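Structure at a glance
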Amino acid sequence: MKQKFFDLEINTKGQKLYDFTTHIINWIKKNNLKNGILNLNIQHTSASLIVQENADPDVQTDLINYFNKLVPMDNSLYIHTAEGKDDMPAHIKSSLTNNQLTLSVKNGDVILGTWQGLYLFEHRLEPQRRIIIHHYIGD
Amino acid sequence: MKQKFFDLEINTKGQKLYDFTTHIINWIKKNNLKNGILNLNIQHTSASLIVQENADPDVQTDLINYFNKLVPMDNSLYIHTAEGKDDMPAHIKSSLTNNQLTLSVKNGDVILGTWQGLYLFEHRLEPQRRIIIHHYIGD
Amino acid sequence: MKQKFFDLEINTKGQKLYDFTTHIINWIKKNNLKNGILNLNIQHTSASLIVQENADPDVQTDLINYFNKLVPMDNSLYIHTAEGKDDMPAHIKSSLTNNQLTLSVKNGDVILGTWQGLYLFEHRLEPQRRIIIHHYIGD
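Residues numbered from 1 in each chain as written. Chains lettered and ligands numbered in written order. Predicted model: local features only at pLDDT ≥ 70, side-chain atom pairs only at ≥ 80, totals over all residues. Heavy atoms only, no water.

1. Focus on the confidence of the model for chain A
Within chain A, residue pLDDT values average 98, and 100% of them lie at 70 or more. For this predicted complex, the interface confidence comes out at an ipTM of 0.97, alongside a pTM of 0.98. (pLDDT = per-residue confidence, 0-100.)

Below, the structure is given as structure tokens:
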């Protein structure tokens, strides 16, 4: 049994989806990982990890707009407002999506559908330093 | 350490929850899997994998109705409309739920509560061919 | 390869977030687990497992309030009402969040960000007996 850990740092610049699919494919190849589980955990509660469509970028715009309407940045709605109007909505969005993903690696490739990409979904407006922990367990 | 992969194909016919619990129980038995992790990934971003109540079918109807109200099929709300009024809402619903589930297998049985079933939650209106990747790692 | 199972019982008393982070840290230490995957599954479909901020308790209050507004306890909105006005909303909230979490253990510690805690998110109003299955696989 082989295990491998890595901390990926992504410096975000506002609400956006940040594609890290290519990084994952390369990390698996570089470490010669063949078959196993790749567990990803983001170390924050105001950004998410999601799998979404990688074809039409409008999907990402619609997703961001939708979540902003669903969870308004309106301080009058929340008690926890000290960290800015986008902070409590960011925590809520993180609970409505995911903070971790468990992927499968088969024959050296991460298993993803043709139209699937891996994204860090940033919910904060200001630049943030985000860490995604990689943990591989397999052979 | 033992690993086993399988691609389950489900042909969906519209918005509905498709129960695949019995398939999972049988697949574990057939492959003589004892203790380990079963990672399930759906290869699409317009359908979900969820664990829900398996007792009263009204729960499923309420769930579908709720999600349709929460994420309206109204083209005026979205930019990405080329694939039909149900496509962008399907992407959003997929991010609001899950595209993967990590289950535990103990003594040859998948660990689920008494009232829990495994479902493919189809968000598209037209028939779709859906693939759920199974990946077992254990002994 | 080492595997370890445990059933954690939490008796909830109404809608609240129940922090079980310290229990997890202690369980890993007590069992001398070093590097591996810890898969957590809640055996119910009306409560969730989430990772949220552990600093300001107002975040939890805002989260509960938000979910109550998003999924109203109003019997006129649902068909499945026999188990009380809070039951169908609890099923919906469980699908909007998560019923399982897959954590990574490194050098005997669960990997969590500085401000992250592990919570059982109870959606029912009356006291409930909840079971969270622990499954560790690693070395």
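Now that the structure has been shown, we can carry on.
2. Things to note about the relation of the copies chain B and chain A
You can overlay chain B on chain A at an RMSD of 0.0 Å; the transform is a turn of 120 degrees with a shift of 0.0 Å along its axis. When the rotation and shift are considered jointly, the pair of chain copies conforms to a three-fold rotation axis. Taking the C-alpha atom as reference, chain B places L96(B) closest to the rotation axis, 3.2 Å from it. (Least-squares fit on C-alpha atoms with pLDDT ≥ 70 in both.)

3. Looking at the interface of chain B and chain A
The partner chain A presents 35 residues to the 30 residues of chain B that form the contact. Put simply, chain B and chain A have 0 salt bridges between them. One can count 17 residue pairs in polar contact (both at pLDDT 80 or more) joining chain B with chain A. When contributions to the side of chain B that touches chain A are tallied by element, the ones reaching two or more residues are β1 (2-12), β3 (36-42), α3 (87-96), β5 (100-106) and β8 (128-138) of chain B. Per-element tally for the side of chain B that touches chain A: the top contributor is α3(B), with 6 residues. In terms of residue class, the side of chain B that touches chain A is made up of 13 nonpolar, 16 polar and 1 charged. (Contact = heavy atoms within 4.5 Å. Salt bridge = Lys/Arg side-chain N within 4 Å of Asp/Glu carboxyl O. Polar contact = N/O pair within 3.5 Å; in protein donor to acceptor, adjacent residues only side chain to side chain. Helix = DSSP H or I, 4+ residues; strand = E, 2+ residues; numbered from the N terminus. Nonpolar A, V, L, I, M, F, W, Y, C, P; charged D, E, K, R; others polar.)

4. A look at the sheet that holds β8(B)
Strand order across the open sheet formed by 5 strands is β1-β8-β3-β5-β6 (chain B), with antiparallel pairing between neighbours. Every other strand in the sheet has two partners, leaving β1 and β6 (109-110) of chain B as the edge strands with one partner each. (Pairing = 2+ DSSP bridges.)

5. Let's talk about the environment of I79(C)
Mapping I79(C) onto the fold places it in the loop between α2 (58-70) and α3 (87-96). By relative accessible area, which is 44% here, I79(C) ends up partly exposed. Ignoring any residue separated from it by four or fewer positions in sequence, one finds I79(C) in contact with D58(B), T61(B) and D62(B). (Buried < 20%, exposed > 50% of the residue type's maximum accessible area, 1.4 Å probe, protein only.)

6. Considering the pattern of salt bridges
By the definition in use, this model includes 15 salt bridges over all chains. Note that D87(C) is salt-bridged to R124(C), the shortest N-O span being 2.8 Å. Taken as a pair, D87(C) in helix α3 and R124(C) in the loop between β7 (116-122) and β8 (128-138) lie far apart in primary sequence, 37 residues in all. Like R124(C), D87(C) is buried. A salt bridge links R130(C) to E122(C); its shortest N-O distance comes to 2.7 Å. Each of D86(A), D87(A) and R124(A) takes part in a single network of salt bridges with overlapping partners.

7. A look at the layout of surface pockets
Here the largest pocket defines a volume of roughly 320 Å³. If you go around the largest pocket, you meet 17 residues; those closest to its centre are H44(A), T45(A), S46(A), R130(A) and W115(C). Elements with a minimum of two residues in the lining of the largest pocket: α3 (87-96) and β8 (128-138) of chain A. With 3 residues, β8(A) is the largest single contributor of residues to the lining of the largest pocket. (1 Å grid on protein atoms, 1.4 Å probe; cavity = no way out; pocket = protein on both sides within 12 Å on 5 of 7 lines; lining within 4 Å. Points joined across faces, edges and corners; volume = space filled by probe spheres on them.)

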